Amino acid sequence: MQPYDMPDEKGHFGQFGGVFVAETLIEALDELRIMYEKYRHDPDFLKELHYDLKHFVGRPSPIYHAKRWSDRVGGAQIYLKREDLNHTGAHKVNNTVGQALLAKRMGKPRIIAETGAGQHGVATATISARLGLECVVYMGSEDVKRQAPNVYRMKLLGATVVPVESGSKTLKDALNEAMRDWVTNISTTFYIIGTVAGPHPYPMMVRDFNSVVGVECKSQMNEMLGRQPDVVLACVGGGSNAMGIFYPYIDLPDVRLIGVEAAGHGIETGKHAAPLTANSPIGVLHGNRTYLMQNEEGQIIETHSISAGLDYPGVGPEHAWLKDIKRAEYVAVTDTEALDAFHSLCLTEGIIPALESSHALAYAEKLAKTMKPDQVILVNLSGRGDKDINTVAKISNITL
Amino acid sequence: MSRIANTFKALKEANRKALIPYITAGDPHPDLTVSMMHALVDSGADMIELGIPFSDPMADGPTIQRASERALAHHVGLSHVFNMVKTFREKDTQTPIILMGYANPIEAIGAETFVERAKVSDVDGIITVDYPPEECTQFTKLLKEKNIDSIFLLSPTSELDRVKLIIEQASGFLYYVSLKGVTGAANIDIEQVKSKVSMIRELTDLPIGVGFGVKDAATAKEVAKISDAVVVGSRMIQEIENSNKDNLIQNISKLMKELREAVN
């Protein structure tokens, strides 16, 4: 079998991906692509990156056998890759450290980012503070309301948070606004995209920086069990934590890769954020071609998810590709199912998971029941749920 | 020869520069767009750039974003845009119409259908903001077969090789984005535009239009001196925003006349 080698040099994953941006951004993307190619295998750069991942982020993150929860669910053994234990509380930091170190090498003093749940914004503000770079984070005004603690965290870290009032006032609009900033301040500014979307080289670069997750899993599973899991599960909004854990497993065909999208109120209601599961048409947004939630006129439609981090109408182009070549499967779970899994993990394992990751947990529960006790499901527990306690309390009619 | 090429030829013979206003189809109301187009022509527009509303106009500043949102509030999509051009053509078969928009609405109906319907509606040129030449060779070919011009953006950051690549695919005219930024952004640096435009001129005979930062008649005048066409977008939309349905036509006509006088 040919080893998996995507994207092509123009950033295409089959018909997906690419560089769909206004001419004003082309030079900046060319510069970024060239610099990334230069440093991605550079020993000094990698040494600096690995030092920070170890000493600043706290890697490697452990894998934990959720034994009590597995017993309660009944069926396969569920293991959790504890990205929630990273500094800043999610996998997002793996990528921001990588991109910020690249920005430093490129001599860019100013960092911008978009954020949905705020985890990427916090991770970007964190590394910007550590490297002494100016940081501006764009965040949909709806998300600013939903994720107040993270907004304050970013401010504590010295970042400027700009609420975005256009469009649906969520993640996609924050991305539009960050792109507008970038095109205006191209010579001084590095744009740290937080997910495996955007124009090439972002989907590849964000995947690469997050693939430390899957690389660690391979050796950790080997140490713990002497074998690899039967299934690897991760939630998918844009899809960065999923690509990070999937990528090193793509060439192991016996390992099933399953991405879990947000079904919101239910796929059939239309109020969801699951373009792959709902068979949305192919389209072009934010610099790449992918499956995209849109109406018949090609206008992007509003998405719904209880979790701000999954509330995105598109999906990283590599996920679209993995779906088409049938290397990964994509399913969706509802807000309610994710909430149930959230509470379940809190009570049986003493771990408060992020609502995003709770989607993957909810599907792990369903799937484990259909599997044997000697089988193994590895879930990317991509983030911790401290940021979500206000949301959950509100749903439970509790005033904090 | 295309209607756009003919227009540029006639203007050149008359020693005049083209003035191209931009409005978003359906803003402020779909019933007004065609009469606004006629009014702009009557007041001195040589061509019209008609924006296709899009939910995520990444390359546009706040003014044109709001225009898109107002049009989308009336559910204006491509089928309306084509109908507007058709209706416009009932009274005006001379003025070139250029559609400007983003890739997704085009791909939603399919590139072939789009080109077919553009031809039937008698559209003259297409600017697809987020189709750089590498990603749209097939689309450009389809347009060429129907004798519709593919108009590409060039930016202050486009280097020589890039300009050459774009010129190979472009027809009608080249659209030079006069500043680093979104539509309607800060003031433009005329000297910088001038040197870039001369660089482009050495490589092509295609006319060169300049836009993205033309804020008033004085800027239009300066830009006209160094280019073949001046595109006025955000300023036109501001006029629309500041008008009501009773004085809208009067106000945009007045602005158009001011620009015309300045450019002449």
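Novice: Just checking my understanding: could you explain the overall build of chain B for this structure?
Specialist: Counting its secondary structure elements, chain B contains 12 helices and 9 strands. Expected size for 264 residues packed as a compact globule is a radius of gyration near 18 Å; at 17 Å, chain B falls within 12% of this value. Along the longest, intermediate and shortest principal axes, the C-alpha atoms of chain B span 45 × 40 × 35 Å. Looking at the 264 residues of chain B, the share that counts as buried comes to 63%.

Novice: Just to check I follow, could you spell out the confidence of the model for chain B for this structure?
Specialist: Parts of the model with low pLDDT should not have their predicted coordinates read in detail. On average, residues of chain B score 95 in pLDDT, and 100% of them reach the 70 mark or higher. Listed scores for the predicted complex are pTM 0.96 and ipTM 0.96.

Novice: For this particular structure, what's the right way to read the pattern of salt bridges?
Specialist: When the charged atoms of two side chains with opposite charge come close together, those side chains can pair. Residue and element names in this part refer to chain A. Tallied over the full model, the rule gives 45 salt bridges over all chains. The partner of Lys 104 in a salt bridge is Glu 48, with the nearest N and O atoms 2.7 Å apart. Of this pair, Lys 104 sits in helix α4 (residues 92-105) while Glu 48 sits in helix α2 (residues 43-57), and the two are 56 residues apart along the sequence. One salt bridge connects Asp 71 with Lys 67, and the closest N-O pair in it is separated by 3.7 Å. Here Asp 71 and its partner Lys 67 are both found in helix α3 (residues 67-73), 4 residues apart, which amounts to about one turn of the helix. Under the relative-accessibility criterion, Lys 67 is labelled partly exposed at 46%.

Novice: Sorry if this is basic, but what is going on with the sheet that holds strand β10 (residues 256-264) of chain A here?
Specialist: Strand pairing in a sheet takes place through backbone hydrogen bonds and is either antiparallel or parallel in direction. Residue and element names in this part refer to chain A. Taken in spatial order, the 6 strands of this open sheet run β3-β4-β14-β9-β10-β13, and their pairing is mixed. Two strands in the sheet have a free side with no partner beyond their single neighbour: β3 (63-65) and β13 (328-334). For this sheet, the mean inter-axis angle between neighbouring strands, taken without regard to orientation, is 25°. Bridge analysis of β10 against β13 gives 7 bridges, and the strand direction is parallel. Each residue of the ladder has a partner; that of Val 260, found in β13, is Val 331.

Novice: Looking at this structure, how should I read the state of the cysteines?
Specialist: For the structure on display, the rule yields 0 disulfides over all chains. Unpaired in this structure, Cys 235 of chain A has its nearest cysteine sulfur neighbour in Cys 217 of chain A, at a distance of 14 Å.

Novice: Help me understand the interface of chain B and chain A in this model?
Specialist: Taken residue by residue, the interface counts 41 residues in chain B and 33 residues in chain A. Across the chain B/chain A interface, buried area totals approximately 2,900 Å², and carbon plus sulfur atoms make up 50% of it. Applying the counting criterion to the chain B and chain A interface returns 3 salt bridges. The residue Arg 162 of chain B makes a salt bridge to Glu 23 of chain A at a minimum N-O spacing of 2.6 Å. The tally of links between chain B and chain A comes to 19 residue pairs in polar contact (both at pLDDT 80 or more).

Novice: Is there a simple way to think about the pairing of strand β1 (residues 18-24) of chain B in this case?
Specialist: For a regular strand, side-chain orientation follows a simple rule: the groups alternate between the two sheet faces. Residue and element names in this part refer to chain B. Buried residues dominate β1, accounting for 7 of its 7 residues. Burial along β1 is two-sided: the face carrying Ala 18, Ile 20, Tyr 22 and Thr 24 and the face carrying Leu 19, Pro 21 and Ile 23 are both buried. Bridging between β1 and strand β9 (residues 229-232) involves 4 bridges; their strand directions are parallel. Each residue of the ladder has a partner; that of Ala 18, found in β9, is Ala 229.

Novice: Looking at this model, I keep getting lost on the packing of aromatic side chains. Mind explaining?
Specialist: Each pair of aromatic rings is reported with the distance of its centres and the angle of its planes. Counted according to the given criterion, the structure contains 15 aromatic pairs over all chains. Ring centres of Phe 8 of chain B and Phe 173 of chain B lie 5.6 Å apart, and the angle between their planes is 55°; on these two criteria the pair is classed as tilted. With Phe 8 of chain B in helix α1 (residues 3-13) and Phe 173 of chain B in the loop between α8 (160-169) and β7 (174-177), the pair connects residues that are 165 residues apart, well separated along the chain. With respect to burial, Phe 8 of chain B and Phe 173 of chain B carry one shared label: buried. Look at Phe 82 of chain B and Phe 114 of chain B: their rings are 5.6 Å apart centre to centre, the planes differ by 55°, and that puts the pair in the tilted class. Taken together, the positions of Phe 82 of chain B in helix α4 (residues 78-91) and Phe 114 of chain B in helix α6 (residues 111-120) put the pair 32 residues apart, joining distant regions of the chain. For the pair formed by Phe 82 of chain B and Phe 114 of chain B, the shared burial category is buried. Taken together, the aromatic side chains of Phe 20 of chain A together with Phe 82, Phe 114, Tyr 131 and Phe 139 of chain B make up a single cluster linked through ring pairs.

Novice: For this particular structure, what's the right way to read helix α10 (residues 212-225) of chain A?
Specialist: Along an α-helix, a turn takes 3.6 residues, which lines up residues three or four apart on a common side. Between the first and last C-alpha of α10 of chain A there are 20 Å, a value that for 14 residues agrees with the 20 Å anticipated at 1.5 Å per step. Two residues or fewer after α10 of chain A comes Gly 226 of chain A, characterised by a positive phi angle close to 70°.

Novice: Any chance you could explain the nonpolar core here in plain terms?
Specialist: As a rule of thumb, soluble globular proteins bury nonpolar side chains together. Ranked by size, the top nonpolar core spans 181 residues in total, and within it Phe 246 of chain A together with Leu 99 and Phe 114 of chain B carry the most contacts. In terms of residues, this core owes the most to one element, helix α1 (residues 23-39) of chain A, which gives 8 residues. In contact with Leu 99 of chain B, not counting residues within four places along its chain, are Leu 50, Ile 52, Val 81, Phe 82, Val 85, Phe 114, Val 123, Gly 125, Ile 126 and Ile 127 of chain B. Listed in part, the 30 residues of the second largest apolar core include Leu 310, Ile 351, Ala 364 and Ile 377 of chain A.

Novice: Help me understand the sheet that holds β7 of chain B in this model?
Specialist: Residues and elements named next belong to chain B. The strand order β5-β4-β3-β2-β1-β9-β8-β7-β6 describes an open sheet built from 9 strands, whose pairing is parallel. The open sheet terminates on both sides in strands that have one partner only, identified here as β5 (149-150) and β6 (153-154). Relative to strand β3 (residues 97-101), α4 is tilted by about 165°, and along the sheet it contacts β2 (48-51) and β3. Across the sheet, helix α11 (residues 234-241) lies against β1 and β9, angled at about 50° from β1, the strand it touches most.

Novice: Is there a simple way to think about the environment of Thr 348 of chain A in this case?
Specialist: Residue and element names in this part refer to chain A. Relative to the helices and strands, Thr 348 is located in helix α13 (residues 335-349). Thr 348 sits 330 residues away from Gly 18 along the chain, and the two C-alpha atoms are 44 Å apart. Excluding residues within four positions of it along the chain, Thr 348 makes contact with Arg 68, Trp 69 and Arg 72. For Thr 348, the side chain forms a polar contact with the main-chain oxygen of Ser 344, separated by 2.6 Å.

Conventions used here
Residues numbered from 1 in each chain as written. Chains lettered and ligands numbered in written order. Predicted model: local features only at pLDDT ≥ 70, side-chain atom pairs only at ≥ 80, totals over all residues. Heavy atoms only, no water. Helix = DSSP H or I, 4+ residues; strand = E, 2+ residues; numbered from the N terminus. Rg over C-alpha atoms; globule rule 2.2 N^0.38 Å. Buried < 20%, exposed > 50% of the residue type's maximum accessible area, 1.4 Å probe, protein only. pLDDT = per-residue confidence, 0-100. Salt bridge = Lys/Arg side-chain N within 4 Å of Asp/Glu carboxyl O. Pairing = 2+ DSSP bridges. Axes fitted to C-alpha atoms, helices over the stretch in contact; angles between N-to-C directions. Disulfide = S-S within 2.5 Å. Contact = heavy atoms within 4.5 Å. Buried area = accessible area lost by both parts, 1.4 Å probe. Polar contact = N/O pair within 3.5 Å; in protein donor to acceptor, adjacent residues only side chain to side chain. Phe/Tyr/Trp six-rings, centres within 6.5 Å; stacked < 30°, edge-to-face > 60°. Expected span 1.5 Å × (residues − 1). Core = buried A, V, L, I, M, F, W, Y, C linked by side-chain atoms within 4.5 Å.

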